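Close look at the chain arrangement
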Amino acid sequence: MSSNTNVFEMAQRQFDGVADLLKLDPSVREFLRWPLREYHFRIPVRMDDGTIRVFQGFRVQHNDVRGPAKGGIRFHPAETIDTVRALATWMTWKCAVADIPLGGGKGGVIVDPATLSGAEKERLVRGYIQQIWKNIGPRQDVPAPDVGTNPQMMGWMMDEYSKLVGQYTPGVITGKPVGGGGSLGRTEATGYGVIINVREALKYLGLDSSQCTGALQGFGNVSQHAAIGFVEMLKGKVICVSYWDREDRCSYTVSKSDGIDPHFLISITDQYGTIDKAKAKAAGYAVEDGDAWISKDVDVLMPCALEGQLNADSIHKVSKKVRIIAEGANGPTTPEADAVIRERGIFDIPDFLCNAGGVTVSYFEGVQNDMNFYWSKEEVLSKLDEKMTVAFHAVLDMSLNEKVYMRDAAYMVAISRVVKAMQLRGWI
Ligand code: GLU
């Protein structure tokens, strides 16, 4: 994250700009600029050495007019209430733009999960649920994984909630492991959703995907599956990925000019997204500095790490060749960088449209939990494709009809849907 970016202010600035365009009523604007509810709590955890450590946790429910609040829980050492507020706000717009009947929420714990043992992690996630269980639920607020959390942790959270309410309640949380109430296709969903958006953008721009190159920032869940999708679905070439090296405490870019093999790189990556660079070098990959991904001569740039990565400084490093920026991360582009992207005419696929594949399959997971009937992976992924394609074109049409930038168009589609639901429920 760039040090001078407050992401919640950034989310509010983006919203304010579009509220002006939509001439939103001042009271509606004031209502939507802030979360509906937020919970701050302390989680005491017994560590393996017998001592107690107290962690700070948050859950923010930004809006639930279109359905239960929905959104992941992040475990990150630099987590703040403002990051969680921003991410919860973006979830409201994300679910609305994807047209799924859910609102926006987000949770967080200030912790580096890589410093915990498996048993400590389990006690921490169970402790998180013990603090918040009364305020979440399949019809209230449905958490999911995000940066630093994974399906196993979701499984423990679901188990803890089910024990506390005395009923098996798989629908309280999504992103659970397959076989433990999870949906096939959920792991791949966010990355594949990014690629479905890229596919539609390339078609719109008249570009042949098999001739296209891409560069990815990050090598966690989203980036790994976006890399696979770029290579296998689009037949394009990914020439680099960057990652955070936990041991060296800095990032690196791992590249190969004739195209990386995502499956190989995944096979040498740990659960926190750190690539074994000695093995990468031995296999003929170049290991460059962490910023190298941003200045590569590629057609598609895919920031799939944390917020604030394309900012006033870094945006000027983007190559003239770049045609599309596909925002797999939440909030990767600051308003200053946005202005440059707009001016240069790069086609931007905004975050809450581009990465909506994850929450879309989370929605499908909840539907399957409710029915207690599970779909095949093909069925899930084809439903995902349909939803994402429709969402992309709703935003593109808005952008073309109203002659606005794609991010503003996505906001216009999303805000209009949320405001309509508020009217229909008699809130305004
Ligand atoms: N954490 C993911 C996101 O930011 C998924 C949220 C969910 O599935 O609820 O979209």
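Now for a quick tour of the structure. Once a new chain begins, its residue numbering starts again from 1 and follows that chain's sequence as written. In view of the model being predicted, local features appear only for residues whose pLDDT reaches at least 70, and side-chain atom pairs are presented and counted only at 80 or more, with totals across whole chains, interfaces and linings using the full set of residues. Side-chain metrics in this entry use all non-hydrogen atoms of the structure; hydrogen atoms and water are not considered.

1. Some thoughts on the nonpolar core
Joining through side-chain atoms within 4.5 Å is the link that ties buried Ala, Val, Leu, Ile, Met, Phe, Trp, Tyr and Cys residues into a set, and such a set is a nonpolar core. The buried label applies to any residue whose accessible area, calculated with a 1.4 Å probe on protein chains only, is under 20% of its type's maximum; exposed applies above 50%, and partly exposed to all values in between. Counting residues in each nonpolar core, the largest one holds 68 residues, and the members touching the most others are Trp 90, Trp 93, Val 198, Phe 230, Val 241, Ala 326 and Ile 349. Note on conventions: DSSP H or I runs of at least 4 residues are helices, E runs of at least 2 residues are strands, and numbering of each starts at the N terminus. Among the elements that take part in this core, helix H14 (residues 406-424) stands out by supplying 12 residues, more than any other. Those residues in contact with Phe 230, other than ones at most four positions away along the chain, are Ile 195, Val 198, Cys 212, Thr 213, Gly 214, Lys 235, Gly 236, Lys 237, Val 238, Val 300 and Met 302. Membership of the second largest hydrophobic core comes to 24 residues, among which are Phe 41, Ile 43, Phe 75 and Trp 156. When checking whether two residues touch, look at their non-hydrogen atoms; a contact exists if any pair is within 4.5 Å.

2. Description of the packing of helix H3 (residues 81-97) against H14
Contact geometry for H3 and H14: axes closest at 8 Å, N-to-C directions at 90°. It follows that H3 is roughly perpendicular to H14 by the angle criterion. Of H14, the residues touching H3 (which contributes Trp 90, Thr 92, Trp 93, Ala 96 and Val 97) are Ala 410, Tyr 411, Val 413, Ala 414, Ile 415, Arg 417 and Val 418. Split into classes, the residues belonging to the contact of H3 with H14 amount to 10 nonpolar, one polar and one charged. Here an axis means a line fitted to C-alpha atoms, over the contact stretch when the element is a helix, while the angle between two N-to-C directions is reported on a 0 to 180 degree scale. In what follows, roughly perpendicular refers to angles from 65 to 115 degrees, roughly parallel to angles under 35, roughly antiparallel to angles over 145, and oblique to any angle outside these ranges. For this classification, Asp, Glu, Lys and Arg are treated as charged, while Ala, Val, Leu, Ile, Met, Phe, Trp, Tyr, Cys and Pro are nonpolar and the rest, including Gly, are polar.

3. Comments concerning the pairing of strand S1 (residues 37-46)
Two strands are said to pair when DSSP picks up at least two bridges between them. Summarising the sheet, S1 and strand S2 (residues 52-63) pair through 10 bridges and their orientation is antiparallel. Opposite Arg 37, over in S2, you have Gln 61 as the bridge partner. Linking two consecutive strands that pair antiparallel, namely S1 and S2, is a turn of five residues; a positive phi of about 95° is found at Gly 50 within it.

4. Remarks on the sheet that holds strand S3 (residues 69-76)
Pairing is mixed in the open sheet, where five strands are placed in the order S1-S2-S4-S3-S5. A single partner strand is all that each edge strand has here, and the edge strands are S1 and strand S5 (141-145). The mean angle between the axes of side-by-side strands here comes to 25°, regardless of whether they run parallel or antiparallel.

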